[in-house]
Amino acid sequence: MMVTMGTRPGARSRPLLLLLLVLPLVRGLGSRGQGGDPRPARVHSTPGPVFKERYFEQVLDHFSFESYDDKTFLQRYLTTAKFWKKGVGPIFFYTGNEGDIWEFAQNSGFILELAEQQNALVIFAEHRYYGTTLPFGKLSMQRENIGLLTVEQALADYAVLITELKKQYGARDCPVIAFGGSYGGMLSAYMRMKYPNLVAGALAASAPLLSGAGIGDPNRFFQAVTADFQSSSPACGKAVSKAFQEINDLYLSGAYDRISSEMSTCKRVSSKEDVYQLFEFARNAFTMMAMMDYPYKTDFMGHFPANPVKVGCDQILAHQDHIKGLAALIGVFYNSTGMAPCYDIYKQYRKCSDPTGCGTGPDAEAWDYQACTEISLPFSSNNVTDMFPEIPFTEAMRQQYCFDKWLVHPRRGWLQTMFWGSDLKAASNIIFSNGDLDPWAGGGINSNLSSSLIAITIKGGAHHLDLRGYNPADPPSVTDARNLEARIIHNWVKSARIERAWEKMSAGISP
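Throughout this description, residue numbers start from 1 for each chain and increase along the sequence as written. Restriction of local features to residues with pLDDT of at least 70 applies here, the model being predicted, together with a cutoff of 80 or more for giving and counting side-chain atom pairs; totals for whole chains, interfaces and linings are based on all residues. Only hydrogens and water are removed before side-chain values are computed, so all heavy atoms of the structure are retained for them.

Caption draft 1: Geometry of the packing of helix H6 (residues 234-252) against helix H9 (residues 308-317). The axes used here are C-alpha line fits, helices contributing only the stretch in contact, and every angle between their N-to-C directions lies in the interval 0 to 180 degrees. Runs of E in the DSSP output that reach at least two residues are strands. Runs of H or I that reach at least four are helices, and both are numbered from the N terminus. Where H6 contacts H9, the two axes come as close as 9 Å, and the packing angle between them is 60°. Relative to H9, H6 is oriented oblique. Crossing geometry of H6 relative to H9 is assigned as left-handed. Residue-level contacts link Ala 235, Cys 236, Ala 239 and Val 240 of H6 to Cys 313, Ile 316 and Leu 317 of H9. Under the grouping applied here, Gly and all other residues not named as nonpolar or charged are polar, the nonpolar ones being Ala, Val, Leu, Ile, Met, Phe, Trp, Tyr, Cys and Pro and the charged ones Asp, Glu, Lys and Arg. For the contact of H6 with H9, the residue count by class is seven nonpolar, no polar and no charged. Roughly parallel means an angle under 35 degrees; roughly antiparallel, over 145; roughly perpendicular, 65 to 115; everything else is oblique. The handedness criterion is simple: a crossing whose near helix is rotated anticlockwise from the far helix by less than a right angle is left-handed, and one whose near helix is rotated clockwise is right-handed. Should any heavy atoms of two residues lie within 4.5 Å, those residues are considered in contact.

What follows is the structure, given as structure tokens:
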């Protein structure tokens, strides 16, 4: 590890916290929680405590008093108080990102381990428009309904939820530490910046605050993916580049049958559009393997073996035929069971406004919209600084795609205006952690900005490895990082409690 120096609250008389075993409400758009079918609460076990799944009646539009009046929806969150010592421990609040909140809760074991050490109440909150937190139910992804999917609305959801939960638990003076990974890491940092009265500090793991705001070289991401594979084996990068070149040569000669056969596509590749879909489909496998290059097997964001980058390189280098070797390499991601007879390149990969991949299903639609509005990710591969075919995705291309798909024009510089861009020195109490194997690291904060804005680089670490729970295969660097993060967070909590005690004493209130 390297540490580089350098409802409208109060508008209702009844509680807004809804444990569905007590009060059933229908998911989706509501007005003051009217009507509905019962939904049972679920209880899931992680390697540590048991999470309880709950729902909170959330304000639909925090920033307009007219458009939706007093309409509400149900926001899902998970909680465990197994380790909490009221009056002693803090609240650890995970700012959910672009997916089902259970996925993040079950792959963020460090938060639970730290909660046990520091006697914390743990809350994982789901992001609006993801998982089951759908403001308009099954109609949430329609153009007329998706406009309330913004960073600002999500942060306001979390602020309201924190405020109400502190009342519910009788923990008004309890310090809150925000946690998040990737886009969730951006949100945890933003929570500290936007609501410092509610959040005492934040751990922003693998948070691309710069690239997500449109700052930096658009070629950097796929250059970083390439570097991961070349670092595993220089011959690997050369073989991958050669395979893509051979496919392109076959395409130019019209040899579609051979491309289809050697790349094991379910349907015959028969056009330039198909070839470039194949290129992006394959490039996405490299992206996912680089992000999830953990030293042990994981089922997060797919099914990956230990060290998937090395496994993939071994696959392509074991083949004399480069194209067949490429097909075997991408199978580490797309055919983890080894049982799939072929690749459905349009079904398994959907082109969207994020060239690093949106995934598939409703969550993918939501992320596509976010990358068409506030999140700026116009990344390209150029076959010069990376090993991939030249596949540009310029700002002009993004603008056209987003208007055709969503009838919106992206606001490229908005996050820089709203959340300060690269000028974060006025903020405080944020840890920015990045693994040097993570292709997102280059778009994050990689040097200290002040004594309380700390950057931690994890040598041999992939995408927010530090948020994951202990594993015997962990590199020493991530253990060191977690220990440092624990000490910093402990000090934040201690300082927040002292500050609150002084405030009470100054106001003549008994602690």
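Now, onward.
Caption draft 2: Quick peek at the pairing of strand S10 (residues 201-205). Of all five residues making up S10, five are buried, and the element is well covered by its neighbours. Only protein chains enter the area calculation, which uses a 1.4 Å probe; residues under 20% of their type maximum are buried, those over 50% are exposed, and those in between are partly exposed. A two-sided burial pattern is seen for S10, the buried positions comprising Gly 201, Leu 203 and Ala 205 on one face and Ala 202 and Ala 204 on the other. Any two strands are treated as partners once DSSP identifies two or more bridges connecting them. With five bridges joining them, strand S9 (residues 176-181) and S10 adopt parallel strand pairing. Looking at the pairing, Ala 178 lines up with Ala 202 of S10. With helix H4 (residues 183-194) bridging S9 and the parallel S10, this β-α-β connection has right-handed handedness. With four bridges joining them, S10 and strand S11 (residues 430-435) adopt parallel strand pairing. Opposite Ala 204, over in S11, you have Phe 432 as the bridge partner. By the criterion used throughout, a crossover qualifies as right-handed when its path from the first strand across the helix to the second strand runs clockwise, the strands pointing away from the viewer.

Caption draft 3: Representation of the state of the cysteines within the structure. Two cysteine sulfurs form a disulfide in these notes if their separation is within 2.5 Å. Summed over the entire model, instances satisfying the criterion amount to four disulfides. One disulfide in the model links Cys 266 with Cys 342; its S-S distance is 2.0 Å. On the S-S bond that ties Cys 266 to Cys 342, the torsion sits near 95°, and the link is right-handed. Of this pair, Cys 266 sits in the loop between helix H7 (256-262) and helix H8 (272-291) while Cys 342 sits in the loop between helix H10 (322-334) and helix H11 (362-370), placing them 76 residues apart in sequence. By relative accessible area, which is 37% here, Cys 266 ends up partly exposed. Classification of Cys 342 by relative accessible area gives partly exposed; the value is 24%. Paired through a disulfide, Cys 352 and Cys 358 show a sulfur-sulfur distance of 2.1 Å. On the S-S bond that ties Cys 352 to Cys 358, the torsion sits near 95°, and the link is right-handed.

Caption draft 4: How the structure looks around the pattern of salt bridges. Whenever Lys or Arg places a side-chain nitrogen within 4 Å of a carboxyl oxygen from Asp or Glu, that contact is recorded as a salt bridge. For the structure shown, the criterion picks out 17 salt bridges. In this structure, Glu 53 and Arg 76 form a salt bridge, with 3.1 Å as the shortest nitrogen-oxygen distance. Of the two residues, Glu 53 sits in strand S5 (residues 50-59) while Arg 76 sits in strand S6 (residues 71-80), which places them 23 residues apart along the sequence. The exposure class of Glu 53 is buried, given its relative accessible area of 3%.

Remember that the coordinates give geometry; whether it matters functionally is a separate question.
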